[in-house]
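Okay, here's what each chain looks like letter by letter:
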Protein chains: 2
Amino acid sequence: MKYREEIFAVLRFHKLRLTKTRQAVVELFVRNETPLSVPDILLALHKRQAGVNKTTVYRELERLQAIGVLEPVQLGDRKQYYELASRKHHHHLVCLQCERVEDIDMDEAVLFAEERKWSREKHFIILRHSLEFFGLCRQCQAA
Amino acid sequence: MKYREEIFAVLRFHKLRLTKTRQAVVELFVRNETPLSVPDILLALHKRQAGVNKTTVYRELERLQAIGVLEPVQLGDRKQYYELASRKHHHHLVCLQCERVEDIDMDEAVLFAEERKWSREKHFIILRHSLEFFGLCRQCQAA
DNA sequence: TTGACAAATGCAACTAAGTTGCGTTAGTAT
DNA sequence: ATACTAACGCAACTTAGTTGCATTTGTCAA
Ligand SMILES: [Mn+2]
Ligand SMILES: [Mn+2]
Ligand SMILES: [Zn+2]
Ligand SMILES: [Zn+2]
């Protein structure tokens, strides 16, 4: 809930209109702490009788990423996931069997040091990184 | 070149037949140090007049991963890439514009420590991790 | 050297994620 | 209230990956 007003302020700043779909999508991200894909969003909004079009959702997520409200997340399947960029930077534990995802917080100092080192050495401008751990969650270990 | 014989020994050990496609695929990975996707492989083998079927390639990569010859790599697009598992574990610098990929070697001690910590804390069995840095390569910075 | 048998292949049909073009709808500022 | 344009919805399309099944081909034992 806590990021809601800040995000709507960013939308106003970028002169993005407050449409039904945009509002619904933003609120989904505010309420959920897990990364969401387009199929996830379509399913969730369909359940709430909100008729949303997939093309619209794809375009919306692109825009929200462009203005820095959302960040891309890769979870190793062939879907693009997103999360609120306003949350503290973190990484994920992903279950290879049931797709369960847990946030993990770690000290990034080492990663940033590596970024500087390789940026210099390979002449790359590094914009972001992705670090995810894959394995089996507690439930799936039993089965 | 250097992993060729070891890999064929593993194939024999697992009683996998030495077929044309299998041989061609393995040799592509041995020759290329970059991660390869199915579309990459189809294109490469098609250029060399080797008629390969996409279903066969998908199934082949699955098998080679199952016996530990290949490892999955995620580069942030919606393709599954693979690399030789026999190479030293490493990570990647990926250009968001031209898809160029550079290998980077870093000290994993910190990552392994994190794995143990979160494994205990979240009751996950961690099997592998994926760490990739995204940005712009030297060529794409100019453009 | 030759078969037999299973492993591997090829094809067609299919699914799922994501993209594009274009005509229509609807927020917003004046 | 109106006009302007951002945003939307739909249909058609692309690309990555999957599945079932009939056919081919490596391998090993006779
Ligand atoms: Mn997260
Ligand atoms: Mn590599
Ligand atoms: Zn699980
Ligand atoms: Zn580049």
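For the structure itself, consult the block above.
Residues numbered from 1 in each chain as written. Chains lettered and ligands numbered in written order. Predicted model: local features only at pLDDT ≥ 70, side-chain atom pairs only at ≥ 80, totals over all residues. Heavy atoms only, no water.

1. Comments concerning the overall build of chain A
Inference 1: Within chain A, the regular secondary structure consists of six helices and six strands.
Inference 2: Counting helices and strands in the order they occur from the N terminus, chain A gives α-α-β-α-α-β-β-β-β-α-β-α.
Inference 3: The C-alpha extent of chain A, read off along each of the three principal axes, is 45 × 45 × 25 Å.
Inference 4: A total of 143 residues make up chain A; the buried ones form 41% of that total.
Inference 5: At a minimum sequence separation of 6, the contacts of chain A that also span at least 24 residues come to 46%.
Inference 6: Element-wise, carbon and sulfur atoms account for 51% of the exposed surface of chain A, whose accessible area totals about 8200 Å². (Helix = DSSP H or I, 4+ residues; strand = E, 2+ residues; numbered from the N terminus. Buried < 20%, exposed > 50% of the residue type's maximum accessible area, 1.4 Å probe, protein only. Contact = heavy atoms within 4.5 Å. Areas by Shrake-Rupley, 256 points an atom, 1.4 Å probe, with all protein chains shown as cover.)

2. Looking at the sheet that holds strand S3 (residues 80-84) of chain B
Residue and element names in this part refer to chain B.
Inference 1: Read from one edge of the open sheet, three strands run S1-S3-S2, paired in antiparallel fashion. With one partner strand each, in any of the chains shown, strand S1 (36-37) and strand S2 (70-74) form the two edges of the open sheet.
Inference 2: Note: S1 against S3, two bridges, orientation antiparallel. Within the sheet, the bridge partner assigned to Ser-37 lies in S3 and is Tyr-81. (Pairing = 2+ DSSP bridges.)

3. A closer look at the coordination of the manganese ion (ligand 1)
Note on metal geometry: ideal angles are 109.5 degrees for four donors arranged tetrahedrally and 90 or 180 degrees for six donors arranged octahedrally.
All names here are of chain A.
Inference 1: Donor atoms from the polypeptide that coordinate the manganese ion (ligand 1) comprise Glu-83 (OE), His-90 (NE2), His-92 (NE2) and Asp-103 (OD), at 1.7 to 2.4 Å from the metal.
Inference 2: Mapped onto the sequence, the residues coordinating the manganese ion (ligand 1) show the spacing E-x6-H-x1-H-x10-D. Of the two residues, Glu-83 and His-92, both sit in the buried class. (Donors = N, O, S within 2.8 Å, 3.2 Å for Na, K, Ca; no water.)

4. Re the protein's contact with DNA strand C
Inference 1: Close to DNA strand C lie 22 residues; A:Arg17, A:Lys54, A:Gln80, B:Arg22 and B:Arg59 are nearest.
Inference 2: Of everything in DNA strand C that lies within 4 Å of the protein, sugar and phosphate atoms constitute 53%.
Inference 3: In this structure, a base nitrogen belonging to DNA strand C sits 2.8 Å away from a side-chain N or O atom of A:Arg17.
Inference 4: Note that a base oxygen of DNA strand C is positioned 3.4 Å from one of the side-chain N or O atoms of A:Thr55.
Inference 5: Of all elements in the fold, only helix H4 (54-66) of chain A together with helix H2 (20-31) and helix H4 (54-66) of chain B reach the threshold of two or more residues within the surface near DNA strand C.
Inference 6: Take the surface near DNA strand C: its biggest share by element is five residues, from H4(B).
Inference 7: Tallied by class, residues from the surface near DNA strand C come to four nonpolar, seven polar and 11 charged. (Near = heavy atom within 4 Å. Polar contact = N/O pair within 3.5 Å; in protein donor to acceptor, adjacent residues only side chain to side chain. Nonpolar A, V, L, I, M, F, W, Y, C, P; charged D, E, K, R; others polar.)

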